[in-house]
Amino acid sequence: MGYRFPIQLVICAALIFGVAGAAWAQGNTSSDLSNVQRLDVMRSKLEAMHRSLSSAIASTGAPNDKEKRNLDDPRERLRGFDKEVNSILSEVNDVRAKQERSEKYDHTSLDRLETSVVEITTRVEAGLQSTASARTSAVAASGGSDKKKKKKGGHLFGLIGGGGDDKYEELTGTVAPGRDRVLFEEAAKEVRKGNHEIGRLLFSTIINTYPDSAFLPLAKLAIADSFYLEGTSSSLVQAAQAYLDWLTFFPTDPLADDAMLKVAESEMRQMGLSDRDTTHARKAEQRLKALLQQYPQTKLRPVVEDHLRETQESLAMHNLGVARFYYEARYNKGRGTGLKGSQSRLKEIIDKYPNFSLRDEVLFRLATTYQLEEEPDEAAKYYQELLRNFPNSDYGEKAKEQLSIIGAAIPEPNPARKNVMPAEKPGFMGNLMQQVSGRADVTVNGDGVLISKDKKEGSTDLIDEALKNNGQLPANLTPMAPVQRSTRPASSNQRPQNPIQNPGQPAKATPTATPPPGIKP
């Protein structure tokens, strides 16, 4: 992958700054998650650590009961870590159970537990790496006798069962030169077969046992891919976290922009319909904007801008739905607050989402609110923009009628916009299917950065290229490391190409006392 420094320096830096980096990642993402999601992420990390530690302890050989315990013994160190992990896991499970039963608990304990998970993760990784050579010596001293005595029915970390010696026992239980490559290859196969948890455990073995491996950065990224490919709601939450963790250690890697895109796409895949919770849509929008800002030269710009349009379409539709509700409340019940609430939402759409497909309706409704508030100049401005930029709109004739009542000029249509037709609205069946699915209509790639969801025959994933090149990606397959800068990029969230032209001052006139026709939702 063209790293400038030896992998040893990368790992040293990771260990030195691991706590701070991971804490930064937690601090910037945990607040965006629900309490249940935060607990699920912690539980998943702790369970993975427990399995890795159990495998490492087993590979050191069973101790003699009469043997005096030595605190310097690698087994004792690993058992100490395992005891701490299980203790924290017990607390997490206890809080999770209270959450499910809707019982009261101290919500600040989540912050404390997240800090504990970050801290123990760093120490466990360092401990597993430092005891790797001792585990190798233990296996060599045993001469393989334990393997001969092993009974049938073994399993990998409690995940693979039955019928003979564990397929991966020797790979995960011993350390040998070149074995990291074998682990990497087998892990990729398991993920492609849908055995995501097994694949993650094999990738984790590389990280914890082979600190100098050229496959280590890719193994970390492949773990994030496995969550993304799994695709469940819980997995997508953990995928976003795993990609962010990877970015903490490798922010200038040539694949950093791809990883950041997957963070956004993890949120997009969880987006609901526009009339429901918009949390995931807003988080996806933030991630996409951050990607364009941090990596302005990214090759992914067209994809990012398309995603941004789809995400902002959903957010704008949400605001329009709220505006319609507020206006209807005012129209039917005579509440002035409803009119102000509607106006606020409509102005937000105009300012933030210039590419919204129903912008003509937004302009008409916004003009109407000003007309009802007896502000004809403002009303005329939005009616005129509607006629200028959306000459074929269904609201065009109504806008002309209201301009005539106000006494304002009717503008000529913009020549560049004469062929712009109104947005197509989904039919009955389309609406029904969308309501049943409950998911936003967004176009998201289901492939990971390194591993594709459905590999086509004859195609090659990046992970295959890495295997061919012993952990390195050929320069012709990866872009140059993206340049990070803080300047604001040109994005799709800008004024349209045909902005509002200042209309001539309309003649002062008293607006109609009744709402314009055809405006009720």
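What counts, and at which threshold
- Residues numbered from 1 in each chain as written.
- Predicted model: local features only at pLDDT ≥ 70, side-chain atom pairs only at ≥ 80, totals over all residues.
- Heavy atoms only, no water.
- Helix = DSSP H or I, 4+ residues; strand = E, 2+ residues; numbered from the N terminus.
- Buried < 20%, exposed > 50% of the residue type's maximum accessible area, 1.4 Å probe, protein only.
- Contact = heavy atoms within 4.5 Å.
- Core = buried A, V, L, I, M, F, W, Y, C linked by side-chain atoms within 4.5 Å.
- Expected span 1.5 Å × (residues − 1).
- Phe/Tyr/Trp six-rings, centres within 6.5 Å; stacked < 30°, edge-to-face > 60°.
- Salt bridge = Lys/Arg side-chain N within 4 Å of Asp/Glu carboxyl O.
- Axes fitted to C-alpha atoms, helices over the stretch in contact; angles between N-to-C directions.
- Parallel < 35°, antiparallel > 145°, perpendicular 65-115°, else oblique.
- Left-handed = near helix turned anticlockwise from the far one by under 90°.
- Nonpolar A, V, L, I, M, F, W, Y, C, P; charged D, E, K, R; others polar.
- pLDDT = per-residue confidence, 0-100.

Draft legend 1. Expanded view of the overall build of the protein. Summing up its helical and strand segments, the protein has 20 helices and zero strands in all. Considering the protein as a whole, with its 521 residues, one finds that 48% of them fall into the buried category. For the protein, long-range pairs separated by at least 24 residues make up 70% of all intrachain contacts whose partners lie at least 6 apart in sequence.

Draft legend 2. Summary view of the nonpolar core. Among the nonpolar cores identified, the biggest contains 89 residues, and Phe184, Phe203, Tyr243 and Leu450 are the most heavily contacted of them. Tallying contributions element by element places helix α10 (residues 216–230) first for this core, with ten residues. Beyond its immediate stretch of four places on either side in the chain, Phe203 contacts Phe184, Ala187, Ala188, Val191, Ala219, Ala222, Ile223 and Ile463. Ranked by size, the runner-up nonpolar core spans 21 residues in total, among them Met42, Met49, Leu113 and Val124.

Draft legend 3. Representation of helix α13 (residues 279–294) within the structure. Helix length check: α13 (16 residues) gives 23 Å between terminal C-alpha atoms against 22 Å at 1.5 Å per residue, within 8%. Buried within α13 are the following residues: His280, Ala281, Lys283, Ala284, Glu285, Leu288, Leu291 and Leu292.

Draft legend 4. The arrangement of the environment of Gln270 in detail. In this structure, Gln270 sits in the loop between α12 (256–268) and α13. What makes Gln270 buried here is its relative accessible area of 8%. Through-space distance from the C-alpha of Gln270 to that of His280 is 6.3 Å; in sequence the pair is ten residues apart.

Draft legend 5. A look at the side chain of Lys220. Within the secondary structure, Lys220 is located in helix α10. Apart from residues no more than four positions distant in its own chain, Lys220 is found in contact with Glu125, Ile207, Trp246 and Phe250.

Draft legend 6. Representation of the packing of aromatic side chains. What the rule picks out here adds up to nine aromatic pairs. Centroid distance Phe184 to Phe203: 5.5 Å. Interplanar angle 70 degrees. Geometry classified as edge-to-face. Of this pair, Phe184 sits in helix α8 (residues 179–192) while Phe203 sits in helix α9 (residues 196–209); the two residues are 19 residues apart in sequence, bridging distant segments of the chain. Neither residue differs from the other here; Phe184 and Phe203 are each classed as buried. By the ring-pair criterion, three or more aromatic residues cluster together here, those being Phe184, Phe203 and Phe215.

Draft legend 7. Main features of the pattern of salt bridges. Evaluated as defined, the whole model comprises 33 salt bridges. For Arg324, the salt bridge goes to Glu361, with nearest N and O atoms at 3.0 Å. A residue pair is termed long-range when its members are at least 10 positions apart, and Arg324 in helix α14 (residues 301–333) and Glu361 in helix α16 (residues 359–372) qualify at 37 residues. Take Arg324: its relative accessible area is 25%, and that puts it in the partly exposed class. Its relative accessible area of 3% is what places Glu361 among the buried residues. The partner of Lys400 in a salt bridge is Glu397, with the nearest N and O atoms 3.8 Å apart.

Draft legend 8. Representation of the packing of α16 against helix α17 (residues 376–389). Here α16 crosses α17 at 160 degrees, and the two axes come no closer than 7 Å. Regarding the angle of α16 to α17, the classification is roughly antiparallel. As α16 packs across α17, the resulting crossing turns out to be left-handed. Of the residues in α17, those touching α16 at Arg359, Asp360, Leu363, Phe364, Leu366, Ala367, Thr368, Tyr370 and Gln371 are Glu378, Ala379, Tyr382, Tyr383, Glu385 and Leu386.

Draft legend 9. Spotlight on the packing of helix α11 (residues 233–249) against α12. Interhelical geometry of α11 versus α12 gives an angle of 155 degrees and a closest axis separation of 9 Å. Considering the angle they form, α11 stands roughly antiparallel to α12. The two elements α11 and α12 cross, and the hand of that crossing is left-handed. Of α12, the residues touching α11 (which contributes Leu236, Ala239, Ala240, Tyr243, Leu244, Trp246 and Leu247) are Ala256, Ala259, Met260, Lys262, Val263, Ser266 and Glu267. Of the residues assigned to the contact of α11 with α12, the class counts are eleven nonpolar, one polar and two charged.

Draft legend 10. Seen up close, α11. Taking 1.5 Å as the rise per residue, α11 with 17 residues should run 24 Å; its terminal C-alpha atoms sit 25 Å apart, in good agreement. With twelve of 17 residues buried, α11 is to be regarded as a mostly interior element. All of the buried residues along α11 are Ser235, Leu236, Val237, Gln238, Ala239, Ala240, Gln241, Ala242, Tyr243, Leu244, Trp246 and Leu247.

Draft legend 11. Expanded view of the confidence of the model for the protein. Confidence along the protein averages 77 in pLDDT terms, with 71% of residues attaining 70 or more. Confidence over residues 484–521 falls short of pLDDT 50; this stretch has 83 contacts with residues more than four positions distant or in other chains.

Draft legend 12. Summary view of unusual backbone geometry. Backbone geometry places Ser102, a non-glycine residue, at a positive phi of 60 degrees. Tracing the backbone shows Ser102 in the loop between α3 (74–100) and α4 (108–130). We note that Asn470 has phi near 55 degrees; this positive angle belongs to a residue other than glycine. Note that Asn470 resides in the segment after α20 (462–468).

Draft legend 13. Quick look at the environment of Glu267. When you line up the elements, Glu267 lands in helix α12. Separated by 15 residues in the primary sequence, Glu267 and Arg282 place their C-alpha atoms 8.9 Å from one another.

Draft legend 14. Focus on the environment of Gly173. Counting through the fold element by element, Gly173 comes out in helix α7 (residues 169–173). With a relative accessible area of 15%, Gly173 lands in the buried category. Taking the C-alpha atoms as reference, Gly173 lies 7.4 Å from Ala58; in sequence the two are 115 residues apart.

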